Amino acid sequence: MQQRRRISWIDVAKGITIILVVIGHLNVKWFPRLNPLISEIYTFHMALFFILSGLTFKIKEDDSFKRFIIKKLKTLVIPYYVFSLLCFVKPLGNIALPVINKSAFNINNLITTAYETFIMGEGLWFLLCLFWAELLLYLIIKILKNDKKKIIVVILVLSIIQSIYLRFINWGLPLKLDNAFLGLLFVGIGYVFKEMIFNKKISKINKYVYIIGLLVVHLIVNYITYRLYGRMCSFSDSPNYLLYFISNISGSLIIIEISKIITNNKILEFYGKNSLIVYIFNDLILKIYKSIILIILRIDTANLNLIIKYLISLVICICTILTIIPVIIFINKYFYFLLGKKKESAK
């Protein structure tokens, strides 16, 4: 079977975004003075992943609903449940290393982790959210016969319903269903406007002006949000959904346009092609390196000079990104089927 041709700049965009995910997982509790940087990343990076998924979303003519859902179960839901077992590393670590963790074993920790991971979808949550988003988009496309004007109207209505629910009710639903319409919004935007994004022809000079303009809009919106609400927006947690939407779209378009400029960057393409594996393992590897620095070496990052803190953070991120390389090679060689891949596409 012929493999679908990959698009270089989309892999580059995924590579940039997954590196932003790694930086975002540094966690402000460990590095509180990095809060402005991490908060900025959280204003758009997950929405960008949904948009990129929408850009590559395609329904084949022979894709029945059954065939489509089986494919998505293999590539999203099964990887979620298999690799979300990594969520148990911390509670089990409290048993194995009580001296380092300084916490007694508590069966409630394991029960809570199991409930949050397997029932509520709090593990690798993006995979479940993307599953629901793509499933909904499939149904909407089929029902509306791929009328993109109607599709975007329906998606906007559903996202408004979602925002009202999150604002006034906000009960957590199982398997990340409470974020399904929000994921659908950005996947749908990528799908509906893919031709515009792919075919947008801008001269290099105008492209830089365009990126700078988007950056100005993005920073102004985030500044207004912070001044009004004391915090910036993040995925599924926003005090103002209009500002949140503008911040997400402007931030995402910046990365997309930068990716088009630096297309064919082999390093970023590599991480983009393997962004799922990086997403799965980066948090665990980051925690190992953070534990070495903060617990074993007893370095108090909270009181360090800001420049030194940024350097330590940079070293941790680089070490994490490099450590993931053999993990990527190993998974692609021996456990590619757990990601829903076929052997030839895992190479």
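Everything below is about the structure shown above.
Fair warning: this is a prediction, and the values are worked out from it, not measured in the lab.

## Some remarks on the environment of I299
Note on placement: I299 falls in the loop between α15 (275-296) and α16 (306-334). Sequence-distant contacts of I299, defined by excluding residues within four places in its chain, comprise I293, L294, L304 and I312.

## Digging into the nonpolar core
The biggest cluster of nonpolar side chains holds 82 residues, and the ones touching the most others in it are F50, F126, L137, I151, F186, F235 and I256. By residue number, the principal contributor to this core is helix α8 (residues 125-143), which donates 13 residues. Apart from residues lying up to four places away in sequence, F50 is in contact with W125, F126, C129, L130, G183, F186, V187 and F235.

## Comments concerning the pattern of salt bridges
When their charged atoms lie close together, side chains carrying opposite charge are able to pair. Tallied over the entire structure, the rule returns seven salt bridges. As a salt-bridge pair, R6 and D11 come within 2.7 Å of each other at their nearest N and O atoms. Note that E257 and K207 form a salt bridge whose closest N and O atoms lie 4.0 Å from each other. Here the residue E257 occupies a position in helix α13 (residues 241-261), and K207 occupies one in helix α12 (residues 204-229), the gap between them amounting to 50 residues. Accessibility assignment for this pair places E257 and K207 in one class, buried.

## Some thoughts on the packing of aromatic side chains
Applying the stated criterion to the full structure yields 22 aromatic pairs. Look at Y241 and Y244: their rings are 6.2 Å apart centre to centre, the planes differ by 80°, and that puts the pair in the edge-to-face class. With Y241 and Y244 both in helix α13 and three residues apart, this pair spans about one turn of that helix. The buried category is assigned to Y244, whose relative accessible area is 2%. A network of ring pairs unites the aromatic residues F49, F50, W125, F126 and Y279 as a single cluster. Directly above the ring of Y191 sits K148, whose terminal nitrogen or CZ lies 5.0 Å from the centroid.

## Observations concerning the packing of helix α1 (residues 8-24) against helix α2 (residues 35-42)
Contact geometry for α1 and α2: axes closest at 9 Å, N-to-C directions at 140°. By the angle between their axes, α1 is oblique relative to α2. In terms of crossing hand, the pair formed by α1 and α2 is left-handed. Taken together, the residues of α2 that come into contact with α1 (itself represented by L20, I23 and G24) are L37, I38, I41 and Y42. Looking at the contact of α1 with α2 residue by residue, the classes come out as six nonpolar, one polar and no charged.

## Overview of α1
Taking 1.5 Å per residue, 17 residues should reach 24 Å; α1 reaches 24 Å between its end C-alpha atoms and fits that length. The element α1 is extensively covered by neighbouring structure, given that 15 of its 17 residues are classed as buried.

## Quick notes on the packing of helix α3 (residues 45-55) against helix α10 (residues 180-192)
Geometrically, a packed helix pair is captured by the angle between its two axes and the distance between the axes. Relative orientation of the contacting elements α3 and α10 amounts to 45°, with a least axis distance of 6 Å. Relative to α10, the element α3 lies oblique. Remark: the crossing between α3 and α10 carries right-handed chirality. From α3, A47, F50, I51, G54 and L55 reach across to α10, where they touch G183, F186, V187, G190 and Y191. Taken together, the residues of the contact of α3 with α10 sort by class into seven nonpolar, three polar and no charged.

## A short note on unusual backbone geometry
Phi angles above zero are rare outside glycine, and L175 is one such case at about 55°. By secondary structure assignment, the location of L175 is in the loop between α9 (148-168) and α10. Of the residues examined, L175 reaches a relative accessible area of 26% and is grouped as partly exposed. Of note in this structure, N264 is not a glycine but carries a positive phi near 70°.

Scoring rules and cut-offs
- Residues numbered from 1 in each chain as written.
- Predicted model: local features only at pLDDT ≥ 70, side-chain atom pairs only at ≥ 80, totals over all residues.
- Heavy atoms only, no water.
- Helix = DSSP H or I, 4+ residues; strand = E, 2+ residues; numbered from the N terminus.
- Contact = heavy atoms within 4.5 Å.
- Core = buried A, V, L, I, M, F, W, Y, C linked by side-chain atoms within 4.5 Å.
- Buried < 20%, exposed > 50% of the residue type's maximum accessible area, 1.4 Å probe, protein only.
- Salt bridge = Lys/Arg side-chain N within 4 Å of Asp/Glu carboxyl O.
- Phe/Tyr/Trp six-rings, centres within 6.5 Å; stacked < 30°, edge-to-face > 60°.
- Lys NZ or Arg CZ within 6 Å of the ring centre and 35° of its normal.
- Axes fitted to C-alpha atoms, helices over the stretch in contact; angles between N-to-C directions.
- Parallel < 35°, antiparallel > 145°, perpendicular 65-115°, else oblique.
- Left-handed = near helix turned anticlockwise from the far one by under 90°.
- Nonpolar A, V, L, I, M, F, W, Y, C, P; charged D, E, K, R; others polar.
- Expected span 1.5 Å × (residues − 1).

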